[in-house]
Amino acid sequence: MAFTDQGAGPVVVLLHGFPLNRAMWAEQVKALSASYRVIAPDLRGHGESPAPNGVYTMESMADDVVELLDELGINEPVALGGLSMGGYVTLALVLKYPERIRAVMLLDTRCTADAPQAAADREKFAQTVLDDGHPTAAVEAIVPKLFARATIEKNPGLVGMLEERMEKTPAAGVAGALRGMAIRPDQTGRLGEIKAPTLVIVGEHDAITPPDGARAMADALPASRYVLIPDAGHLTPCENPAAVNEALLAFLSGLNG
Ligand code: MLT
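So, a few notes on the structure that sits alongside this text. Everything numeric here is computed off the predicted structure, so don't read it as measured data. (Residues numbered from 1 in each chain as written. Predicted model: local features only at pLDDT ≥ 70, side-chain atom pairs only at ≥ 80, totals over all residues. Heavy atoms only, no water.)

### Some words on the layout of surface pockets
Reasoning step 1: Estimates place the volume of the largest pocket at around 480 Å³.
Reasoning step 2: As for the largest pocket, its lining consists of 24 residues, and the residues nearest its centre are Arg-110, Arg-122, Ile-142, Lys-145 and Ile-208.
Reasoning step 3: For the lining of the largest pocket, the secondary structure elements donating two or more residues are helix H3 (85-96), helix H4 (116-132), helix H5 (136-146) and helix H8 (171-182).
Reasoning step 4: Partitioning the lining of the largest pocket into residue classes produces 16 nonpolar, three polar and five charged. (1 Å grid on protein atoms, 1.4 Å probe; cavity = no way out; pocket = protein on both sides within 12 Å on 5 of 7 lines; lining within 4 Å. Points joined across faces, edges and corners; volume = space filled by probe spheres on them. Helix = DSSP H or I, 4+ residues; strand = E, 2+ residues; numbered from the N terminus. Nonpolar A, V, L, I, M, F, W, Y, C, P; charged D, E, K, R; others polar.)

Pasting the structure below:
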């Protein structure tokens with residue numbers, strides 16, 4: 001598993017969204033690594049990590065992350081954050097390995113399962129991407145929904161760079177993640193089990209995991225803080241890094257110990 005490991009201090013782990021890679025956290029790694037040890041892996045099938053054939057369940061990707069922590073000898077509970085698919089993996093990990101977690105950060109994500117049509121669409125895209133041998137069909141479907149209109153108009157360089165990265169994700173990785181997301185369980189009924197302090201972040205223009213769902217998730221979590229990020233769509237850490245970094249640092253510095 002490829003990963004970034006930067007800084008020293010309490011460990012912060014960041015899990016990227018689909019079909020991206022750890023490079024999406026560049027601004028957060030820069031800002032947080034002054035006070036924390038930031039670990040950002042490429043999840044299975046993404047970035048520089050291997051892309052085996054098969055279905056990548058959120059639980060199997062959570063197991064990969066715990067295996068990485070074990071390999072690095074990190075036994076103390078960590079602050080774990082994830083964006084969108086990374087958030088699904090975060091929830092799977094927190095619920096399976098609560099003893100490994102001291103705090104949770106859920107960015108532009110949700111706790112619900114796919115509706116049947118959404119799951120069927122993912123299967124269609126998975127098959128197309130495998131037939132084509134490249135991820136373009138899935139990337140073209142997701143890109144229009146990823147960014148706030150202002151980001152597209154004012155920051156075409158960022159949009160182009162992220163699109164290029166998504167295009168490099170191997171077809172097997174894209175298909176495996178789509179199929180895994182399609183069968184992820186609804187975690188709504190289990191949110192009450194998450195006793196660790198949790199930060200819920202969402203872009204005000206997020207069209208994929210909109211603010212009302214994020215707000216409801218925050219309300220159902222026992223110890224949560226909710227932050228709405230202005231001037232951002234689904235990719236808040238890239239679209240408005242200053243506001244996201246401020247929210248993450250305020251949350252992390254407020255944790256005990
Ligand atoms: C992501 O950003 O990881 C994806 O939009 C998640 C999803 O497709 O549900």
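More follows now that the structure is in view.
### A few points about empty space enclosed by the protein
Reasoning step 1: Taken as a whole and judged by the stated rule, the model has one cavity of 30 Å³ or more.
Reasoning step 2: Reported here for the largest cavity is a volume of approximately 60 Å³.
Reasoning step 3: In this structure, the largest cavity is lined by Met-58, Tyr-88, Leu-91, Ala-92, Arg-110, Cys-111, Thr-112, Arg-184, Pro-185 and Gln-187.
Reasoning step 4: In terms of residue class, the lining of the largest cavity is built from six nonpolar, two polar and two charged.

### Some points on helix H9 (residues 211-220)
Reasoning step 1: Listed as buried for H9 are Pro-211, Ala-214, Met-217 and Ala-218. End-on, the buried residues of H9 take up no more than an arc of 120°, which puts them together on one face. Turned more than 90 degrees away from the buried face of H9 sit Asp-212 and Asp-219, all of them exposed.
Reasoning step 2: As for H9, its buried residues are in contact with strand S5 (101-107), strand S6 (198-203) and strand S7 (224-229). (Buried < 20%, exposed > 50% of the residue type's maximum accessible area, 1.4 Å probe, protein only. Arc of directions from axis to C-beta. Contact = heavy atoms within 4.5 Å.)

### Side note on the pattern of salt bridges
Reasoning step 1: In total, this model carries 13 salt bridges according to the counting rule given.
Reasoning step 2: A salt bridge links Arg-37 to Asp-5; its shortest N-O distance comes to 2.8 Å. With Arg-37 in strand S3 (residues 37-41) and Asp-5 in strand S1 (residues 3-6), the pair connects residues that are 32 residues apart, well separated along the chain.
Reasoning step 3: You can call Asp-5 partly exposed: its relative accessible area is 33%.
Reasoning step 4: For the salt bridge of Arg-179 with Glu-123, the shortest nitrogen-to-oxygen distance reads 2.9 Å. Of this pair, Arg-179 sits in helix H8 while Glu-123 sits in helix H4; the two residues are 56 residues apart in sequence, bridging distant segments of the chain. (Salt bridge = Lys/Arg side-chain N within 4 Å of Asp/Glu carboxyl O.)

Take it as geometry only, folks, not as evidence of what the structure does.
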